[in-house]
Amino acid sequence: MSDTTYRHRSSDSFWVFGYGSLMWNPGFDFVDVYPALLRGYHRAFCVYSVVYRGTPACPGLVLGLDHGGSCLGKVYRVATEKVAEVTAYLNSREMVTSVYQPKVLPVCVGGRIVPAHTYVVDRRHSQYARNITTGRVVEIIRRGVGCAGDNRSYLRDTVHHLDMLGLGDGPLHRLLDWVERDP
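All figures in this text were calculated on a predicted structure; none of them were measured in a lab.

**Side note on the overall build of the protein**
Scanning the protein for helices and strands turns up 5 helices and 7 strands. The order of α-helices and β-strands along the protein, N terminus first, is β-α-β-β-α-β-β-α-β-β-α-α. Computed over C-alpha atoms, the radius of gyration of the protein comes to 16 Å, within 12% of the 16 Å expected from 2.2 N^0.38 for 183 residues, which places it in the range of a compact globule. In terms of overall dimensions, the protein has a C-alpha envelope of 55 × 35 × 25 Å along the principal axes. Within the span of the protein, comprising 183 residues, buried residues form 45% of the whole.

The following block contains the structure:
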């Protein structure tokens, strides 16, 4: 399946891949949820948040799927009758500033590959945080607050859900340790 916007056919299952806040707050009805692996993209704090975890005057940082590597997350199966509703909801949630590109990408779930709707960072967008140092990431996350809450909570929730997926020691765990240390 190509990585273009998904065109749902009634015979298809509609899948949504979550790698950040969609893991703990999907915000839509689903039939099933499973751990899933996406290859070719990795989870990174590479998006300046000017709405949900920051403001234009004081941006936060949120996760995006960036090129290279792989990403373990959750995949949700959506009932056929909910596809239009879920797609509209996800686009209104994720495309607020158009920093993401909606894509359908193959994810591995339970030993099989399914086409999953997800959002990949647009590296050409002004909110793409390119070449940002770990020290700067820590600084931004410590101070970021937007309409969905503070940036630290976003990181904590992500780490908690990675623990639930069995990823107990990774780069985001170390990042959380740095963010939680006294400045």
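**Regarding unusual backbone geometry**
Not every positive phi belongs to a glycine, and Ser98 is a case in point at roughly 60°. Residue position: Ser98 is located in the loop between helix H2 (83-94) and strand S4 (100-109). One non-glycine residue, Asn131, lies in positive phi territory at about 50°. Structurally, Asn131 can be placed in the loop between strand S5 (112-121) and helix H3 (134-143).

**Some points on the pattern of salt bridges**
One pass over the full model with this rule turns up 8 salt bridges. Taking the shortest distance from any N to any O, the salt bridge between Asp29 and Lys82 comes out at 3.3 Å. In this pair, Asp29 is assigned in the loop between helix H1 (21-24) and strand S2 (32-49) and Lys82 in the loop between strand S3 (60-78) and H2, connecting sequence segments 53 residues apart. When the shortest N-O distance is used, the salt bridge between Asp122 and Arg124 registers 3.1 Å. Here Asp122 falls in the buried class, since its relative accessible area comes to 13%.

**Details of the packing of H3 against helix H5 (residues 171-180)**
Where H3 contacts H5, the two axes come as close as 9 Å, and the packing angle between them is 60°. Once H3 is placed against H5, the crossing between them reads as right-handed. Here Thr134, Val137, Val138, Ile141 and Arg142 of H3 lie close against H5, whose contacting residues are Leu175, Trp178 and Val179. Looking at the contact of H3 with H5, its residues break down into 6 nonpolar, 1 polar and 1 charged.

**As for the side chain of His173**
Note on placement: His173 falls in helix H5. In contact with His173, other than residues within four places in its own chain, are Val159, Leu162, Asp163, Leu167 and Gly168.

**Re the pairing of S2**
In this structure, S2 lies alongside S3, joined through 16 bridges in antiparallel fashion. Residue pairing across strands places Ser49 opposite Gly60, the latter belonging to S3. Taken together, the 2 bridges between S2 and S4 define a ladder with antiparallel strand orientation. Bridge pairing links Leu38 to Val107 in S4.

**Digging into H3**
Those residues of H3 not exposed but buried are Val137, Val138, Ile140 and Ile141. In the core, the buried residues of H3 are packed alongside S2, S3, helix H4 (151-164) and H5.

**Section: the packing of aromatic side chains**
All chains considered together, the criterion is met by 8 aromatic pairs. Taken together, the ring pairs in this structure connect Phe28, Phe30, Tyr76 and Tyr89 into an aromatic cluster.

Thresholds applied
Residues numbered from 1 in each chain as written. Predicted model: local features only at pLDDT ≥ 70, side-chain atom pairs only at ≥ 80, totals over all residues. Heavy atoms only, no water. Helix = DSSP H or I, 4+ residues; strand = E, 2+ residues; numbered from the N terminus. Rg over C-alpha atoms; globule rule 2.2 N^0.38 Å. Buried < 20%, exposed > 50% of the residue type's maximum accessible area, 1.4 Å probe, protein only. Salt bridge = Lys/Arg side-chain N within 4 Å of Asp/Glu carboxyl O. Axes fitted to C-alpha atoms, helices over the stretch in contact; angles between N-to-C directions. Left-handed = near helix turned anticlockwise from the far one by under 90°. Contact = heavy atoms within 4.5 Å. Nonpolar A, V, L, I, M, F, W, Y, C, P; charged D, E, K, R; others polar. Pairing = 2+ DSSP bridges. Phe/Tyr/Trp six-rings, centres within 6.5 Å; stacked < 30°, edge-to-face > 60°.

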